[in-house]
Amino acid sequence: MKNQKTIVKNLIMVLLSNTLILLSSIVVGLIIPKILGVTNYGYYKIFTLYAGYTSLLHFGFLDGILLKHGDEDFNELNKKLFRLNSHFFFVMQICISFIFILISILIKNRSISFILISLGIYTLFSNLTTYFQFISQATMRFNELSFRKVIQATLTVMVVLALLFIKHIIPNADINYKIYIILSNLILFILFIWYSNTYHVFIFGKRKAFLPNIKVIFDYFKKGFFMTISYQVSVLIFNVDNQYISLFFSTRTYGLYAFAYSLIQMVLTVLNAVSTVLFPYIKRLSRKNAVALHSRIVTSLLIFVFASLIIYYPMNIFISFYLPNYFDSMKFVQILFPGVGVTSCLTLITSNYFMVFGKSRIYTEIGVEILLLSTLLNGGAYYLFKTPFAIAAMSLVVLLIWYFITERYLGKNYSVKWVRNYFYLLLMLISFLLSVQIKSIFVSLFVYVLIYLCLTFAFFKKEIQKSVCGIIKNLDK
């Protein structure tokens, strides 16, 4: 009971911070496209597309730290060992950043050269910041982790509002993607300095020697390599459609498609809180209790996710009058938005369970197979239809196949109950896709809400009744 209260408390805390981050994401996601324009926004999203791959460049070291120390308290960490970890990782990331800069010198295209330099700087400070964040996550210091994320979001909003103000008083001011990327990297640098001060005890002072402890360092890579690869394979799968559209369609089309993704990412921002809290909590549970918890978590997540899809309707109205140049993005949102249910289950719950059960390698192998399948199916969609909409639809099909295979594996090998949740997910996904085809937005909203309530109550009647009774009982106390 105490552990359940702890996870609820931590989850609420991280959810609140992620809600604030969501608000900042809304501000940034709606103002930056307006400031930059479609083409400049397209270049910026190309930078963010490849920035998503830079976490691969710690080669499993950070995930190894999370896996090895995920069930330890802060005071139990070996300070001398972590000073060695810090110094080793700092040097490693500086070398990688320098390689990016050297390559950029050889590139004649100025835009690509700038993006490469920016990626080198981003990789350095992003991975170093993640190093400290993983220490916070592993030791369940969620107050600290949440506060830093809120500050990062606040600084980002301040930068965006400053650029908007400059654009307002100087209409002809050339505010392009390069300026915003530079400022974004500056925020990461500030966050890194702050974290370095907080965790100075793990940086400065007497540390263990490198050569006698090289096996310990290697063990981090060994433990975390498949977890990192599986995460990166996941990123590749989620971005196959983006890659096809960025390569075979105009920058403007990609800008519209990327904008649709940024709207969807706003919903996922809040949901990411589940993953942050879940891993260290499940790692402390017995396997029996972890298995029993799986179905309840997925059920709760799906109910919340498909309720959150209602935000599509006010979003549609808002974009139509505030960002009319991006309104065509809503056609992509209609296809991609229900995929939030699949994506959230995969990234927030399923992947965590594979890690806790020590099956990161299996999850990676499944991911590689899905990546190949996604590349073939998306390529086939492009070859047959030559439209970004066909690619978007195919990416949704791939997500459903991926989730089916991973959940079936957990069900077969660990007796995880998944079938009911999967069918609910499938029916709700189809319901949304059909509802948004209704021309009247208000009729469409009514139909979707009605279907949502009927299906949710039909599938999870007992769970809903139990939750309501629990709430009433707590209120009586």
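Predicted model only: the values in this text are computed from it and were never measured.

Attention now moves to the overall build of the protein chain. Looking only at helices and strands, one finds 17 helices and 0 strands in the protein chain. Within the protein chain, the fraction of its 477 residues that count as buried is 53%. If you take every contact in the protein chain between residues at least 6 apart in sequence, the share linking residues at least 24 apart comes to 85%.

Further remarks concern the nonpolar core. Counting 142 residues, the largest nonpolar core has Phe61, Tyr131, Phe132, Phe306, Phe337 and Trp402 as its most contacted members. Beyond its immediate sequence surroundings of up to four residues, Tyr131 is in contact with Phe61, Leu62, Ile65, Phe82, Asn85, Ser86 and Phe89.

Glancing now at the environment of Ile366. Within the fold, Ile366 resides in helix α13 (residues 360-385). Taking the C-alpha atoms as reference, Ile366 lies 7.6 Å from Thr406; in sequence the two are 40 residues apart. For Ile366, the residues in contact, after removing those within four places along its chain, are Phe354, Trp402, Ile405 and Thr406.

Before going further, it helps to spend a moment on unusual backbone geometry. Residues other than glycine seldom take positive phi values, yet Phe59 does so here, at roughly 55°. Tracing the chain through its elements places Phe59 in the loop between α1 (2-51) and α2 (61-69). Judged by relative accessible area, which is 37%, Phe59 ranks as partly exposed. Backbone geometry places Lys386, a non-glycine residue, at a positive phi of 55°.

A few words on the side chain of Gln334. Relative to the assigned elements, Gln334 resides in helix α11 (residues 329-336). Among the polar contacts listed, one links the side chain of Gln334 to the side chain of Tyr312, at a separation of 2.9 Å. With residues up to four places along the chain from it excluded, the contact list for Gln334 reads Tyr312, Phe432, Leu433, Val436 and Gln437.

Approximately 340 Å³ is the volume found for the second largest pocket. Breaking the lining of the second largest pocket down by element, the ones donating at least two residues are α1, α4 (110-138) and α7 (214-248). Among the elements that line the lining of the second largest pocket, the one with the most residues is α4, at 5 residues. When its residues are assigned to classes, the lining of the second largest pocket shows 12 nonpolar, 4 polar and no charged.

Turning to α13, a few remarks are in order. Taking 1.5 Å of rise per residue, the 26 residues of α13 would be expected to cover 38 Å, and the 36 Å separating its terminal C-alpha atoms lies within 8% of that figure. Every buried residue of α13 is listed here: Ser360, Tyr363, Thr364, Ile366, Gly367, Ile370, Leu371, Ser374, Asn378, Gly379, Ala381 and Tyr382. Residues of α13 that are buried make contact with α7, α12 (339-356) and α14 (388-414). Positive phi shows up at Lys386, right after α13, with a value of about 55°.

This brings us to the packing of α7 against α13. Think of two packed helices as two axes; the pair is described by the angle between the axes and how far apart they sit. Relative to each other, α7 and α13 sit at 5°, their axes nearing to 8 Å. One way to sum up the angle between α7 and α13 is to call them roughly parallel.

This next bit is on the packing of aromatic side chains. Within this structure, the stated rule accounts for 41 aromatic pairs. Aromatic side chains Tyr424 and Phe460 sit 4.8 Å apart centroid to centroid with 70° between the ring planes, which places their arrangement in the edge-to-face category. On the criterion of sequence distance, the pair formed by Tyr424 in helix α15 (residues 419-435) and Phe460 in the loop between α16 (441-459) and α17 (461-476) is long-range, its members being 36 residues apart. Note on Tyr424: relative accessible area 0%, which makes it buried. Looking at Lys178, its charged tip hangs above the ring of Phe114, at a distance of 5.5 Å from the centre. Directly above the aromatic system of Tyr382 lies the positively charged group of Lys386, at a separation of 5.3 Å from the ring centroid.

Relative to each other, α11 and α14 sit at 20°, their axes nearing to 9 Å. Considering the angle they form, α11 stands roughly parallel to α14. Of the two elements, α11 crosses α14, and the hand of that crossing is right-handed. Where α11 abuts α14, its residues Lys331, Phe332, Ile335 and Leu336 lie against Pro388, Phe389, Ala392, Ala393, Ser395 and Leu396. Residue composition of the contact of α11 with α14, by class: 8 nonpolar, 1 polar and 1 charged.

The next point concerns the environment of Arg148. Examined against the element boundaries, Arg148 turns out to sit in helix α5 (residues 142-169). Separated by 43 residues in the primary sequence, Arg148 and Leu191 place their C-alpha atoms 7.7 Å from one another. Beyond its immediate chain neighbours, meaning those up to four positions away, Arg148 contacts Leu191, Trp194, Tyr195 and Thr198.

Another point: a nonpolar patch on the surface. Together, Phe98, Ile101, Leu102, Ile105, Ile117 and Ile121 make up an exposed nonpolar region whose accessible area comes to about 510 Å². Elements supplying a minimum of two residues to the nonpolar patch: α3 (79-106) and α4. Along the chain, the position of Ile105 falls in helix α3. Using a relative accessible area of 61% as the deciding quantity, one classes Ile105 as exposed.

Taken as a whole, the protein chain shows an average pLDDT of 80; of its residues, 88% reach a score of 70 or greater. Mean pLDDT across the secondary structure elements of the protein chain bottoms out at α17, with 66, and peaks at α16, with 93.

What counts and what doesn't
Residues numbered from 1 in each chain as written. Predicted model: local features only at pLDDT ≥ 70, side-chain atom pairs only at ≥ 80, totals over all residues. Heavy atoms only, no water. Helix = DSSP H or I, 4+ residues; strand = E, 2+ residues; numbered from the N terminus. Buried < 20%, exposed > 50% of the residue type's maximum accessible area, 1.4 Å probe, protein only. Contact = heavy atoms within 4.5 Å. Core = buried A, V, L, I, M, F, W, Y, C linked by side-chain atoms within 4.5 Å. Polar contact = N/O pair within 3.5 Å; in protein donor to acceptor, adjacent residues only side chain to side chain. 1 Å grid on protein atoms, 1.4 Å probe; cavity = no way out; pocket = protein on both sides within 12 Å on 5 of 7 lines; lining within 4 Å. Points joined across faces, edges and corners; volume = space filled by probe spheres on them. Nonpolar A, V, L, I, M, F, W, Y, C, P; charged D, E, K, R; others polar. Expected span 1.5 Å × (residues − 1). Axes fitted to C-alpha atoms, helices over the stretch in contact; angles between N-to-C directions. Parallel < 35°, antiparallel > 145°, perpendicular 65-115°, else oblique. Phe/Tyr/Trp six-rings, centres within 6.5 Å; stacked < 30°, edge-to-face > 60°. Lys NZ or Arg CZ within 6 Å of the ring centre and 35° of its normal. Left-handed = near helix turned anticlockwise from the far one by under 90°. Patch = residues over 30% accessible without salt bridge, like charges linked within 9 Å, V, L, I, M, F, W, Y side chains within 5 Å. Areas by Shrake-Rupley, 256 points an atom, 1.4 Å probe, with all protein chains shown as cover. Salt bridge = Lys/Arg side-chain N within 4 Å of Asp/Glu carboxyl O. pLDDT = per-residue confidence, 0-100.

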